Amino acid sequence: MDQDNNSEDESVGLSEDPSEEELPCLPPGLSDGEAMELLWQLRAQRRQLSPELPETVTCLNAPDGSLLYLVGTAHFSDSSKKDVATTIRAVQPDVVVVELCQYRVSMLKMDESTLLREAKDINLEKVQQAIKQNGLMSGLMQILLLKVSAHITEQLGMAPGGEFREAFKEAGRVPFCKFHLGDRPIPVTFKRAIAALSLWQKARLAWGLCFLSDPISCVSCFSKEDVEKCKQKDLLEQTMSEMIGEFPALHQTIVAERDIYLTHTLRQATRSVEAPRNAQKVPAVVVGVVGMGHVPGIERNWEKTLNIHEIMSVAPPSRFGWVLCTVIKGVMMGMLGYACYRAGGSVGRAMLSSPVVQSLLETLRRPPA
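What comes next concerns the included structure. (Residues numbered from 1 in each chain as written. Predicted model: local features only at pLDDT ≥ 70, side-chain atom pairs only at ≥ 80, totals over all residues. Heavy atoms only, no water.)

Enumeration according to the criterion identifies 10 salt bridges in this entry. The residue Arg 47 makes a salt bridge to Asp 94 at a minimum N-O spacing of 3.5 Å. Placement of the pair is Arg 47 in the loop between helix 2 (32-46) and strand 2 (57-61) and Asp 94 in the loop between helix 3 (78-91) and strand 4 (95-98), with a sequence separation of 47 residues. Under the relative-accessibility criterion, Asp 94 is labelled buried at 5%. Arg 184 is paired through a salt bridge with Glu 257; the nearest N and O atoms lie 2.8 Å apart. With Arg 184 in the loop between strand 5 (178-181) and helix 8 (186-195) and Glu 257 in helix 12 (residues 248-269), this residue pair connects regions lying 73 residues apart in the sequence. For the pair Arg 184 and Glu 257, one class covers both residues: buried. Three or more residues joined by partner-sharing salt bridges are found here, namely Glu 99, Arg 104, Asp 183 and Arg 258. (Salt bridge = Lys/Arg side-chain N within 4 Å of Asp/Glu carboxyl O. Helix = DSSP H or I, 4+ residues; strand = E, 2+ residues; numbered from the N terminus. Buried < 20%, exposed > 50% of the residue type's maximum accessible area, 1.4 Å probe, protein only.)

A separate point is the packing of aromatic side chains. If you walk through the whole model with that rule in mind, you get two aromatic pairs. When the centroid spacing of 5.1 Å and the interplanar angle of 80 degrees are considered together, the rings of Phe 168 and Phe 179 count as edge-to-face. Here Phe 168 is found in helix 7 (residues 162-171), whereas its partner Phe 179 is found in strand 5, with 11 residues between them in sequence. Classification of Phe 168 by relative accessible area gives buried; the value is 11%. Given a relative accessible area of 1%, Phe 179 falls into the buried group. In this structure, Arg 43 packs its charged tip against the face of Trp 40, placed 4.7 Å from the ring centre. (Phe/Tyr/Trp six-rings, centres within 6.5 Å; stacked < 30°, edge-to-face > 60°. Lys NZ or Arg CZ within 6 Å of the ring centre and 35° of its normal.)

Counting buried residues in helix 8 gives eight out of 10 residues, a clear majority hidden from the surface. Taken together, the buried positions of helix 8 are occupied by Ile 186, Pro 187, Val 188, Thr 189, Phe 190, Arg 192, Ala 193 and Ile 194.

Turning our eyes to something else, we now look at the nonpolar core. Within the largest apolar cluster, 24 residues are counted, with the highest numbers of intra-cluster contacts made by Val 96, Val 98, Leu 108, Ala 167, Phe 179 and Val 287. For this core, the elements supplying multiple residues, two or more each, are strand 3 (67-73), helix 3, strand 4, helix 7, strand 5 and strand 8 (285-291). Look past the residues within four positions of Val 287 in its chain and what remains in contact with it is Leu 68, Tyr 69, Val 71, Thr 87, Ile 88, Val 91, Pro 93, Val 95, Val 96 and Val 97. Grouped together as the second largest cluster of nonpolar side chains are 18 residues, Leu 262, Ala 269, Val 295 and Ile 298 included. (Core = buried A, V, L, I, M, F, W, Y, C linked by side-chain atoms within 4.5 Å. Contact = heavy atoms within 4.5 Å.)

A separate point is the environment of Tyr 261. With respect to the secondary-structure elements, Tyr 261 resides in helix 12. The spacing of Tyr 261 and Met 312 is 51 residues in sequence and 8.9 Å in space, taken between C-alpha atoms.

Turning next to the packing of helix 3 against helix 7. At a minimum axis distance of 8 Å, the contact between helix 3 and helix 7 shows a crossing angle of 25 degrees. What the angle tells us is that helix 3 and helix 7 run roughly parallel. The crossing of helix 3 and helix 7 is right-handed. Of helix 7, the residues touching helix 3 (which contributes Ser 80, Lys 81, Val 84, Ala 85, Ile 88 and Arg 89) are Gly 162, Glu 163, Glu 166, Ala 167, Glu 170 and Ala 171. Taken together, the residues of the contact of helix 3 with helix 7 sort by class into five nonpolar, two polar and five charged. (Axes fitted to C-alpha atoms, helices over the stretch in contact; angles between N-to-C directions. Parallel < 35°, antiparallel > 145°, perpendicular 65-115°, else oblique. Left-handed = near helix turned anticlockwise from the far one by under 90°. Nonpolar A, V, L, I, M, F, W, Y, C, P; charged D, E, K, R; others polar.)

Quick look at the structure:
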């Protein structure tokens with residue numbers, strides 16, 4: 001993944017197929033400078049100075065005159081996809097920023113059917129991989145997020161992130177448009193969330209993540225129509241907020257801190273750009289695509305001085321946290337051993353020798369993250 005030389009946010013390469021970008025065919029024999037100038041003029045002609053945009057779009061101004069069109073979306077919404085496409089086509093931006101990090105960028109290039117299948121297929125191997133990569137507590141939180149997303153996917157029959165894929169596609173059709181990832185990396189968010197909890201809160205959360213049988217029954221009755229009516233508070237974020245409501249520290253790190261990070265990356269994107277004719281700096285036009293729940297926080301933080309380094313640091317685990325993780329791993333290994341014992345000698349040995357169980361045991365033996 002390439003990074004812009006003067007920016008801390010992530011950027012992604014656009015479509016490699018020129019036919020998909022719907023850029024015009026240039027006359028033969030043009031020099032590079034002439035071609036760039038022609039495309040620059042074309043984009044200027046397409047850009048609407050006073051566009052009529054959906055009501056989900058908020059316009060914010062940067063000190064140098066740059067404009068940010070912030071599109072608030074619901075992650076499971078057809079009309080959000082239309083809002084994103086309408087906005088990008090109207091304003092012809094220099095940069096499009098989406099609420100994704102490098103750990104979730106794969107959803108941009110997967111088709112809808114693949115995403116539906118992946119979202120519904122949460123198995124022991126995925127749980128083991130999440131724990132191995134992120135540690136026990138952070139891994140379990142990631143699985144919880146996947147489980148909530150999968151449940152909504154199953155209820156609505158549509159995969160999450162459609163508005164981000166739409167933004168990626170439309171950005172590829174705009175000359176000179178860059179595509180940036182604007183969200184804080186998931187491992188940092190989860191690790192900071194866990195570090196903010198007390199020992200007792202960690203124990204309660206771990207118990208709920210490991211043994212709660214149906215943590216997502218609160219969304220079982222939602223329909224596509226309900227999602228479209230409730231875009232003021234995105235369904236996925238609303239569900240997660242309800243589930244972590246008894247842990248205020250989680251809300252601070254999962255929502256409020258990410259508001260700050262998103263504001264930072266959006267402000268970075270609104271820096272002036274160079275016109276190809278004379279390399280003169282001109283105000284930028286940026287489209288940001290974020291969940292509706294982040295829009296108020298971004299508006300509040302837009303003109304504030306932000307300390308981005310403070311919300312990127314992860315404190316080392318305390319001794320109490322190390323003991324808790326060790327106890328939880330011990331309980332899980334004990335449960336696995338008891339299950340093998342109850343299954344009987346030959347069946348138990350077969351279970352222990354299976355690749356999935358061996359992989360899980362290897363993860364449980366690792367020192368707590």
